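Chain by chain, the residues:
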Amino acid sequence: MLDLLIEDANVLTMDPARPVASRIGVWRGRILGLDDDVAGLSARRTVRLGGATVLPGFVDAHTHMVWSGMSLGGTDITGLRDRGEVLEVLRRACAQVAPGDWVEVTGYDQRPIGGHLTRAELDAVADGRRLWLQHTSGHAGVVNSVVLDGIDLAPLGADVGYDDGEPNGLMLERAQIAVRRARLPYRVSELVAAIERAGQACLAQGITTCAEAGIGGGLIATPPVEVAAYQTARETGRLPVRMQLMVASDGLRELAAHADDGITRGIDLGLRTGFGDETLGIGALKLWLDGGIMARTAALTAPYVGSTDAGQLQEDPAALRQVILDGHTAGWQLAVHAIGDRALDLALDAIAEAQAKVPRPDARHRIEHCGLVRDDQLPRLAELGLTAVLQPEFLWDNGDDYSDVLGPDRAGWLYRGRALLDAGVAIASSSDRPVVAGAPLRAIQFMVERRSNTGRVVGPGEELTVAEALAAATIGAARACRREHLCGSVEPGKLADFTVLERNPLDVPAAELAGTGVRATVLGGEAVYGEL
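Residues numbered from 1 in each chain as written. Predicted model: local features only at pLDDT ≥ 70, side-chain atom pairs only at ≥ 80, totals over all residues. Heavy atoms only, no water.

1. Comments concerning the overall build of the protein chain
Operational definition: The numbering of helices and of strands both runs from the N terminus, where a helix is a DSSP run of H or I of at least 4 residues and a strand a run of E of at least 2. Every radius of gyration here is taken over C-alpha atoms, with the globule rule written as 2.2 Å times N^0.38, N being the number of residues. A simple rule labels every residue: compare its accessible area, found with a 1.4 Å probe on the protein chains alone, to the largest value its type can have, and call it buried under 20%, exposed over 50%, or partly exposed in between. The contact criterion used throughout is that any non-hydrogen atoms of two residues lie within 4.5 Å. Working definition of accessibility: Shrake-Rupley area with a 1.4 Å probe, residue cover restricted to the visible protein chains. Charge assignment in this entry is limited to Lys and Arg as positive and Asp and Glu as negative, and neither His nor the chain termini are counted. A single reference atom marks each charge: NZ on Lys, CZ on Arg, CG on Asp, CD on Glu.
Secondary structure assignment for the protein chain yields 16 helices and 26 strands. Relative to its length of 532 residues, the protein chain is compact, with a C-alpha radius of gyration of 23 Å against a globular reference of 24 Å. Viewed in the frame of its principal axes, the protein chain has a C-alpha envelope of about 80 × 55 × 50 Å. The 532 residues of the protein chain split such that 58% are buried. Contacts in the protein chain between residues far apart in sequence, at least 24 positions, make up 73% of those at least 6 positions apart. For the protein chain, the accessible surface area stands at approximately 20,000 Å², while carbon and sulfur atoms represent 50% of it. Taken as two groups, the 51 positive and 71 negative side-chain charges of the protein chain have centres that lie 3 Å from each other.

The structure is reproduced here in structure tokens:
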């Protein structure tokens, strides 16, 4: 007997062999069969959907759950455009905690308020609290004097902002990491609460699987017991979605492995990509090559418009190359953050060298963001079998700004779509939440229209079909996470994780895709958001 039988549904399976179905049979949390496969079988529960559209649950291939959950539970200034209003929000937030405590603020963006806030402005509202504004890009922040006093600025060089020889509170890249280290650790209970909040937000968007893009170090480091927080969340029923955890390359250390194994660096016990189960496991090794366009730190081959600055790499290129070589040799899937085209050149060269030394035909390495791709880089991405893990919603929010700072000759290279597919490069859609709201249908609309929130076209000619964009958010994202055997399509044997939409995205006008409502989200055959 089936546990659940779904009938009278418009199932878009994302399986080319059987693209549509009307009936799904579920047993013990998995799909037993479709249509005639389950004809005549009885079920403990039968649901008729009246023609509603069912998709495989969306997979967010690159997200930051703890960071997102912290922003949902704290002071967030996203969308504020008046400098005085921002400072007043900060004043009220500081007044609610004891002197000396930390006040962490998310959603900070200098662009709409006329430039970065200064240490002096923060000091005036903090009244002795440690005030830290985290840039929405994740690549910068501003802090007040109390925070600066606790950090050794000398090793951080140009990543610290100065005015007339005095630090002004701006902390870029490595300096922002130093702020984060000064703040750590958080309590496991705080992390669990953040994971739960972020997971519930994902379910409301139809997302059933997420890949956490970096634990244990890097730009968004949290305590080294972060895995314990995910385990606790799962054990206590507070892990709303299935999770795959990428390990930050900071966690690599020398291992005394046998010389024949070629493993020079890894994490304790030799754990690597693939450990765990369908609900919680280890994914790729995450490493950061450069910064971001929003913070003007993405590493470009030519300067930003109106500037002599072309961004920066996170470390010496030789050190970054060595991490790629060591991670590949140790058997990891690599998730390489490369936004600028100069960073992408480094990634392509290092991965090609790694594959030449230790061939791994299905390494499934990924380029996270793949934000600026020249035409000559397209065939190299394909030849190396790399997946471009894109964040289309970036350009919905920031397409105008990104186009302006890169200029007309490069704006067409931003977060490409059609050119990648035509070159034979696999693509996956993701959010990088909380940098953006993270709604898969908003990302799908952008991939189809290539229009920012002002209507400006970004990258004409890079448009995808709705079917291609849906595939990037489902089976493409699952494949990027090496989970296509579990999710990403509605096929017998896979997890019974579904999204039920109020309208069929194949029939919805492109401009209305983002407004398509999620009627229900199903995990393992159980409705965990909405109702079947």
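2. Observations concerning the environment of Met246
Turning to its location among the elements, Met246 is positioned in strand β16 (residues 242–248). A residue is classified by how much of its surface remains accessible, and Met246, at 1% relative accessible area, is buried. Once the C-alpha coordinates of Met246 and Gly530 are considered, the two residues, 284 residues apart in sequence, prove to be 30 Å apart. Discounting chain neighbours no more than four positions away, the residues touching Met246 are Ala61, Ala211, Glu212, Ala213, Gly214, Ile215, Gly283, Ala284, Lys286, Ala335, Arg366 and Glu368.

3. Comments concerning empty space enclosed by the protein
Threshold: In this analysis, the protein atoms alone were mapped onto a 1 Å grid. Cavities are point sets where a 1.4 Å probe fits without being able to get out; pockets are open sets with protein on both sides within 12 Å along at least five of seven lines; lining residues have an atom within 4 Å of a point. Grid points are joined across faces, edges and corners, and a volume is the space filled by probe spheres set on the points. For this classification, Asp, Glu, Lys and Arg are treated as charged, while Ala, Val, Leu, Ile, Met, Phe, Trp, Tyr, Cys and Pro are nonpolar and the rest, including Gly, are polar.
For the structure on display, the rule yields 3 cavities of 30 Å³ or more. If you go around the largest cavity, you meet 21 residues; those closest to its centre are Ser137, His139, His337, His369 and Asp432. Elements supplying a minimum of two residues to the lining of the largest cavity: β19 (280–288) and α11 (393–406). For the lining of the largest cavity, the residue count by class is 11 nonpolar, 8 polar and 2 charged. In this structure, the second largest cavity spans a volume of roughly 90 Å³. Lining the second largest cavity are 13 residues, with Asp60, Ser429, Ser430, Gly438 and Pro440 positioned closest to its centre. Listing elements by their share of the lining of the second largest cavity, those giving two or more residues are β8 (58–63) and α14 (440–449). It is β8 that contributes the most residues to the lining of the second largest cavity, 3 residues altogether. The residue makeup of the lining of the second largest cavity, split by class, is 7 nonpolar, 4 polar and 2 charged.

4. Regarding the layout of surface pockets
In this model, the largest pocket occupies a volume close to 750 Å³. Lining the largest pocket are 38 residues, and of these Thr78, Gly79, Thr136, Asp397 and Val435 sit closest to its centre. For the lining of the largest pocket, the secondary-structure elements that each account for two or more residues are α1 (65–73), β10 (102–108), β11 (130–135) and α11. Looking at the lining of the largest pocket, the element that brings in the most residues is α11, giving 6 residues.

5. Some points on the packing of helix α6 (residues 188–204) against helix α7 (residues 226–235)
Formally: Lines fitted to C-alpha atoms define the axes, with helix axes restricted to the stretch in contact, and inter-axis angles between N-to-C directions lie between 0 and 180 degrees. An angle below 35 degrees is treated as roughly parallel, one above 145 as roughly antiparallel, one from 65 to 115 as roughly perpendicular, and anything else as oblique. Crossing handedness: left-handed means the near helix sits turned counterclockwise from the far one by under a right angle, and right-handed means the same turn made clockwise.
The N-to-C vectors of α6 and α7 enclose an angle of 60°; their axes lie 9 Å apart at closest approach. Taken together, the axis directions place α6 and α7 in an arrangement best described as oblique. The two elements α6 and α7 meet at a crossing, and its hand is right-handed. From α6, Val188, Leu191, Val192 and Ile195 reach across to α7, where they touch Glu226, Ala229, Tyr230, Thr232 and Ala233. Broken down by class, the residue content of the contact of α6 with α7 amounts to 7 nonpolar, 1 polar and 1 charged.

6. A few points about the nonpolar core
Condition: Nonpolar cores were defined as sets of buried Ala, Val, Leu, Ile, Met, Phe, Trp, Tyr and Cys residues, with membership established by side-chain atoms within 4.5 Å.
Judged by nonpolar contacts, the single largest core of 87 residues is most densely connected at Met171, Ile367 and Leu381. In this structure, Ala298, Leu372, Phe394 and Val435 belong to the second largest nonpolar core, which totals 23 residues.

7. Considerations on the packing of aromatic side chains
In plain terms, the rule: When two rings of Phe, Tyr or Trp (its six-membered ring) have centres within 6.5 Å they constitute a pair, described as stacked for plane angles under 30 degrees, edge-to-face for angles over 60, and tilted for the intermediate range.
Tallying each qualifying case throughout the model produces 2 aromatic pairs. When the ring of Trp102 is compared with that of Trp132, the centres are 6.2 Å apart and the planes differ by 75°; the resulting orientation is edge-to-face. Of this pair, Trp102 sits in strand β10 while Trp132 sits in strand β11, and the two are 30 residues apart along the sequence. Arranged with centres 5.7 Å apart and planes meeting at 75°, the rings of Phe394 and Tyr415 form a pair that is edge-to-face.

8. Topic: the environment of Val105
For Val105, the position within the fold is in strand β10. Among the residues examined, Val105 registers a relative accessible area of 0% and is labelled buried. For the pair Val105 and Leu90, spaced 15 residues apart in sequence, the C-alpha separation works out to 8.1 Å. Residue contacts for Val105: discarding those within four places in its chain leaves Thr75, Ile77, Leu90, Leu131, Trp132, Leu133 and Gln134.

Honestly, it's all geometry; don't read function into it.
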